[in-house]
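# Structural overview
Below, each chain spelled out in residue letters.
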Amino acid sequence: MLKNMKRYLTFLACLIVASTLKAQNYNSSNSLARVALVYYSQDAKGFFQKKENVNLQEVSQVVSSYGYNKKSHELYLETERANCIVTVNDDLHKILKKSKSIPQMKDDELTAKSAEVSKKLEEKFALLNQAREKHINDSILKAREDSIKKAREDSIRLAKLAKQKDDYRNAHDWMWVPINKTRLSCSLCDKTVYNEDTLFCTGFRNDTLFHITREDMALDETYLKVHKMHVPASLKSNDKFKYHFEVYGDSLRAFKLSALEDPESFNSFTAYNALQRVSAKAPNGYFEDWGWNDEYGSITFHFKYTNTNNKTIKYIEVFWVVTNDVGDVRKTGSFRGTGPLAEWETASWNWDHSMYYVAGDATNMNITKVIITYMNGSKITIPKNKLWFN
């Protein structure tokens, strides 16, 4: 009976630890220490400030558990605002050391991965701080614009009523429709317009504004795209919107453009033509991104590639040369990625470790050529001067 009771208590303890792990909440009940390598807190002005090596009472809001050191019982965690190390207790250690969902890593691997997570958090909060600063500046600018706008409106109200429409036509292009920061969504795609004073339109049909944008494709190619924006009742009742249509409604309703008759076909046609231009520039594909590092002596490498050829890629081998600041060659080599990669598909490959080692003065890497092997067995070599980077 005592043996069964011991098994039951052990089973119950495992359940409690497993429940804690699932909840991703770490405190004194399941860990011995909790340290944030980097921690971001918000100050009174709304900016995020970085702190380092902060002892925590509790770790919650876990985004990912990216590594575990069985030797030191240390669990590495990324949260919404911190990069943490949690030293777990023995009960939780028994679960984690057998877990297949959390990578089991050694010291060097965890150091590299932790630096990567800290860098990602730094970039994230740098962008948030930039957005906050922009928001503050925009608020000041908006207040100034509102003041100027009110003064102009007061001047217009004092003008003679007979000149009102002429003045409006002189100050406003018929294609720029005032929307008063109303949220408008396209019925053809996921584009949403909000916080805008005006919208560039080429027509108005059945309570729908036709908005045209120039979209980016790749390799500096662009194409025109038509959006159908339904006008809600709140915008119809807006004085500026109503007055704009009082002045320019006939022009917006009568403007003839083939794209307005069948916008979906027009969008498909212009996007297809843009793809053809991209394919003409780079008939065998292009790099979306690539990079390297030699922080620990061993070269790491990654690249992202888009195939523009109608043949499916089986292998893609990227050849490179590493030099120092005076052009001395320090290492040459290649990394081969495995497909398949069909036409207009994009894939990424990453080598976080390699057998290529370089001296400490290595500073530059250049891609010298690419050899692509297709599924049908054919190969093509793309020299450096024929490579394209988006």
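## Description of the environment of G360
- Within the secondary structure, G360 sits in the loop between β16 (346-351) and β17 (364-374).
- On the accessibility criterion, G360 (82% relative accessible area) is exposed.
- When the C-alpha positions of G360 and D91 are compared, they lie 44 Å apart, and in sequence the two are 269 residues distant.

## Here's the deal with the nonpolar core
- Among the nonpolar cores identified, the biggest contains 23 residues, and F287, F303, Y305, I316, V370 and I372 are the most heavily contacted of them.
- Taken together, the elements giving at least two residues each to this core come down to β13 (300-306), β14 (313-323), β15 (329-341), β16 and β17.
- Residue contacts for V370: discarding those within four places in its chain leaves F287, I316, E317, V318, I380, T381, I382 and L387.
- Counting residues in hydrophobic clusters, the runner-up holds 21 residues, among them W174, C201, L209 and Y248.

## As for the sheet that holds strand β10 (residues 208-216)
- If you walk across this open sheet you meet the 4 strands as β6-β9-β10-β11, and the pairing is antiparallel. Edge positions in the sheet fall to β6 (176-178) and β11 (222-230), since each has one partner strand and no second. Between one strand and the next, the sheet's axes are offset by a mean angle of 55°, whatever the strand orientation.
- Taken together, the 3 bridges between β6 and strand β9 (residues 198-205) define a ladder with antiparallel strand orientation. For W176, the partnering residue across the bridge sits in β9 and is F200.
- The sheet contacts of helix α8 (residues 263-281) involve β10 and β11, and relative to β11 the element is tilted by about 160°.

## Brief notes about a positive patch on the surface
- Judged by side-chain charge, K70, K94, K97 and K98 come together as a positively charged surface patch.
- As for its placement among the helices and strands, K97 is situated in the loop between α2 (90-96) and α3 (107-158).

## Some thoughts on the side chain of R34
- Tracing the backbone shows R34 in strand β1 (residues 31-42).
- The side chain of R34 is buried and forms no salt bridge, while E58, the nearest opposite charge, is found at 7.7 Å.
- Within the local environment of R34, its side chain forms a polar contact with the side chain of S31, the two groups lying 2.7 Å apart.
- The contacts of R34, once residues within four sequence positions are left out, are Y26, N27, S28, V54, N55, L56, Q57, E58, V59, I85 and V86.

## So, the pattern of salt bridges
- For the coordinates displayed, the defined rule picks out 16 salt bridges.
- Here D146 makes a salt bridge to K142, at a shortest N to O gap of 2.8 Å. Of this pair, D146 and K142 both sit in helix α3, 4 residues apart, which is roughly one turn of that helix.
- A relative accessible area of 37% places D146 in the partly exposed class.
- Relative accessible area serves as the criterion here: at 39%, K142 is assigned to the partly exposed category.
- In this structure, E153 and K240 form a salt bridge, with 3.8 Å as the shortest nitrogen-oxygen distance. Highlighted residues: E153 in helix α3 and K240 in helix α6 (residues 239-254), separated in sequence by 87 residues.
- With a relative accessible area of 30%, E153 lands in the partly exposed category.

Conventions we followed
- Residues numbered from 1 in each chain as written.
- Predicted model: local features only at pLDDT ≥ 70, side-chain atom pairs only at ≥ 80, totals over all residues.
- Heavy atoms only, no water.
- Helix = DSSP H or I, 4+ residues; strand = E, 2+ residues; numbered from the N terminus.
- Buried < 20%, exposed > 50% of the residue type's maximum accessible area, 1.4 Å probe, protein only.
- Core = buried A, V, L, I, M, F, W, Y, C linked by side-chain atoms within 4.5 Å.
- Contact = heavy atoms within 4.5 Å.
- Pairing = 2+ DSSP bridges.
- Axes fitted to C-alpha atoms, helices over the stretch in contact; angles between N-to-C directions.
- Patch = residues over 30% accessible without salt bridge, like charges linked within 9 Å, V, L, I, M, F, W, Y side chains within 5 Å.
- Areas by Shrake-Rupley, 256 points an atom, 1.4 Å probe, with all protein chains shown as cover.
- Salt bridge = Lys/Arg side-chain N within 4 Å of Asp/Glu carboxyl O.
- Lys, Arg positive; Asp, Glu negative; His and termini not counted.
- Charge placed at Lys NZ, Arg CZ, Asp CG, Glu CD.
- Polar contact = N/O pair within 3.5 Å; in protein donor to acceptor, adjacent residues only side chain to side chain.

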